[in-house]
Amino acid sequence: VAMSTTGDKILDTALSKIGEKSLFTKELENALERNEVDLVVHSLKDLPTSLPPGFTIGAICKRENPLDAVVFHPKNCGKTLSLLPEKSVIGTSSLRRAAQLKKKFPHLEFRDIRGNLNTRLKKLDEKEDFSAIILAAAGLKRMGWENRIGQLLGPEDCLYAVGQGALAVEVRAKDQEILNMVSALHDADTVLCCIAERAFMKHLEGGCSVPVAVNTLLKDGQLYLTGAVYSLDGSDSLKETMQTGVSYPHQNEDGPNDDVQHVGITAKNVPGQAQEAAESLGVELASLLLSKGAKHILSVARQLNDAR
């Protein structure tokens, strides 16, 4: 069943201005609640860190490349952002991307661009308004348009959005049959990374209207989480990295523990202790940033964005 959501329909306003938390999810969740559908598939980065009561993320599929990608206007083919002429206009609807890239590439200008991938690529190719646009690499790859990626932005240029590149399957929390069925789709490493990222975001009370960014790495049983917050123009920022061990054996946790959720995610086939460690990592990193003044940076960013 294909459905359109508020976020799909309002295409002339920046996402951060619409002020609706469940922009791409509400209509789908309504259908789930009315039992018209049994599961809904989202981009995980569109799902708020607190789900409505009665819902859970029953599966997170293996993550596609989470990095941001630059797609250049045909006349700038072969260039990189640093090689674009002074005052070149870059299209992005993300405060997170704009904040980081303004700081890194002060010679460029950033302007809102909305619409689905087709619309944005069309706007880029057929007009002269934009020298390049920034999109999630994952979306381009899934659509088979990987050849349009002119530059991948690594963590040194641009940290990505919480959950970026991962698909989430949302189900009714009490629907054990469906929950058991979709749990086969869980990718354990992706689950742990995304739990840490979502816990970080939730503890910061971040969202679409403030620039919050992350980078995660799971290697040799250690989960590394880098998290950052930015002012809208990128001039003010805080960034830290923390790590924790997540290699725990799987215990059969029968009984009421079945339905333990970590930031909205139910993952029975991922060791509970590992999930707890990942969640604690996110919370601790957020607490560290808050202790260094993140709340001030975020509240100023929120006020400025509201005033725009």
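All values reported here derive from a predicted model rather than from experimental measurement. (Residues numbered from 1 in each chain as written. Predicted model: local features only at pLDDT ≥ 70, side-chain atom pairs only at ≥ 80, totals over all residues. Heavy atoms only, no water.)

## What about the side chain of Thr 190?
Then step 1. Note on placement: Thr 190 falls in helix 8 (residues 188-204).
Then step 2. When sequence neighbours within four positions are dropped, the list of residues in contact with Thr 190 reads Ile 60, Cys 61, Lys 62, Arg 63 and Ala 166. (Helix = DSSP H or I, 4+ residues; strand = E, 2+ residues; numbered from the N terminus. Contact = heavy atoms within 4.5 Å.)

## Comments concerning helix 4 (residues 95-104)
Then step 1. Counting buried positions along helix 4 yields seven of 10 residues, so the element is predominantly enclosed.
Then step 2. Where helix 4 is concerned, the buried positions are Leu 95, Arg 96, Arg 97, Ala 98, Ala 99, Gln 100 and Leu 101.
Then step 3. Its side-chain oxygen placed 3.2 Å from the backbone nitrogen of Arg 96, Ser 94 serves as the N-cap of helix 4. (Buried < 20%, exposed > 50% of the residue type's maximum accessible area, 1.4 Å probe, protein only. Polar contact = N/O pair within 3.5 Å; in protein donor to acceptor, adjacent residues only side chain to side chain.)

## A look at the side chain of Thr 226
Then step 1. Within the secondary structure, Thr 226 sits in strand 10 (residues 222-230).
Then step 2. Its relative accessible area of 11% is what places Thr 226 among the buried residues.
Then step 3. In this structure the side chain of Thr 226 is engaged in a polar contact, spanning 2.8 Å, whose partner is the side chain of Thr 241.
Then step 4. Among residues more than four places away in sequence, those in contact with Thr 226 are Leu 159, Ala 213, Val 214, Asn 215, Lys 239, Glu 240, Thr 241 and Leu 285.

## Section: the pattern of salt bridges
Then step 1. Enumeration according to the criterion identifies 13 salt bridges in this entry.
Then step 2. Ionic pairing is found between Asp 38 and Arg 172, a salt bridge with its closest N-O pair at 2.9 Å. Taken together, the positions of Asp 38 in the loop between helix 3 (26-33) and strand 1 (40-43) and Arg 172 in strand 8 (residues 167-172) put the pair 134 residues apart, joining distant regions of the chain.
Then step 3. Look at Asp 38 and you get partly exposed, because its relative accessible area is 38%.
Then step 4. Given the relative accessible area of 14%, Arg 172 is considered buried.
Then step 5. Salt-bridge contacts for Lys 104 lead to Asp 157; the nearest nitrogen and oxygen are separated by 3.5 Å. Placement of the pair is Lys 104 in helix 4 and Asp 157 in the loop between strand 7 (151-153) and strand 8, with a sequence separation of 53 residues.
Then step 6. Judged by its relative accessible area of 42%, Lys 104 is partly exposed.
Then step 7. Accessibility expressed as a relative area gives 14% for Asp 157, which makes it buried.
Then step 8. One continuous salt-bridge network, built from bridges that share partners, spans Asp 38, Arg 172 and Asp 175. (Salt bridge = Lys/Arg side-chain N within 4 Å of Asp/Glu carboxyl O.)

## Points about the environment of Leu 67
Then step 1. Here Leu 67 shows up in the loop between strand 2 (55-60) and strand 3 (68-72).
Then step 2. Along the chain, Leu 67 and Gly 154 lie 87 residues apart, while their C-alpha atoms are 6.6 Å from each other.
Then step 3. With residues up to four places along the chain from it excluded, the contact list for Leu 67 reads Ala 136, Ala 137, Leu 152, Leu 153, Gly 154, Pro 155, Tyr 160 and Gln 164.

## Here's the deal with a nonpolar patch on the surface
Then step 1. Together, Leu 39, Val 41 and Met 181 make up an exposed nonpolar region whose accessible area comes to about 270 Å².
Then step 2. Relative to the elements of secondary structure, Val 41 occurs in strand 1. (Patch = residues over 30% accessible without salt bridge, like charges linked within 9 Å, V, L, I, M, F, W, Y side chains within 5 Å. Areas by Shrake-Rupley, 256 points an atom, 1.4 Å probe, with all protein chains shown as cover.)

## Regarding the nonpolar core
Then step 1. Ranked by size, the top nonpolar core spans 45 residues in total, and within it Leu 44, Ile 57, Ile 60, Phe 200, Leu 204, Val 212 and Val 229 carry the most contacts.
Then step 2. Elements with a contribution of two residues or more to this core: strand 2, helix 8, strand 9 (212-219), strand 10, helix 9 (272-291) and helix 10 (294-307).
Then step 3. Looking at which element gives the most residues to this core, the answer is helix 8, with 10 residues.
Then step 4. With residues up to four places along the chain from it excluded, the contact list for Leu 44 reads Ile 57, Ile 60, Gly 163, Ala 166, Leu 167, Ala 168, Cys 194 and Arg 198. (Core = buried A, V, L, I, M, F, W, Y, C linked by side-chain atoms within 4.5 Å.)

## Focus: the pairing of strand 8
Then step 1. Counting buried residues along strand 8, five of its six residues qualify, which places the element largely inside the surrounding structure.
Then step 2. Pairing between strand 1 and strand 8: four bridges, direction antiparallel. Looking at strand 8, one finds that His 42 is bridged to Ala 168.
Then step 3. Here five bridges tie strand 2 to strand 8, and the two strands are oriented antiparallel to one another. Bridge pairing in strand 8 links Thr 56 to Val 171. (Pairing = 2+ DSSP bridges.)

## Description of helix 8
Because each turn of an α-helix spans 3.6 residues, side chains separated by three or four positions in sequence point in the same direction.
Then step 1. Over its 17 residues, helix 8 extends 25 Å from the first C-alpha to the last, a length consistent with the 24 Å expected when each residue adds 1.5 Å.
Then step 2. Of all 17 residues in helix 8, 13 are buried, a share of seventy percent or more.
Then step 3. Among the residues trailing helix 8, Glu 205 stands out with phi positive, at a value near 60 degrees. (Expected span 1.5 Å × (residues − 1).)

## Details of unusual backbone geometry
Then step 1. Positive phi outside glycine occurs at Asn 35, with the angle close to 60 degrees.
Then step 2. By the secondary structure assignment, Asn 35 is in the loop between helix 3 and strand 1.
Then step 3. A positive phi angle, near 65 degrees, is found at Lys 87, a position not held by glycine.
Then step 4. Inspection of the secondary structure puts Lys 87 in the loop between strand 3 and strand 4 (89-91).

Note that every value here comes from positions in space, so none of it alone points to a role or purpose.
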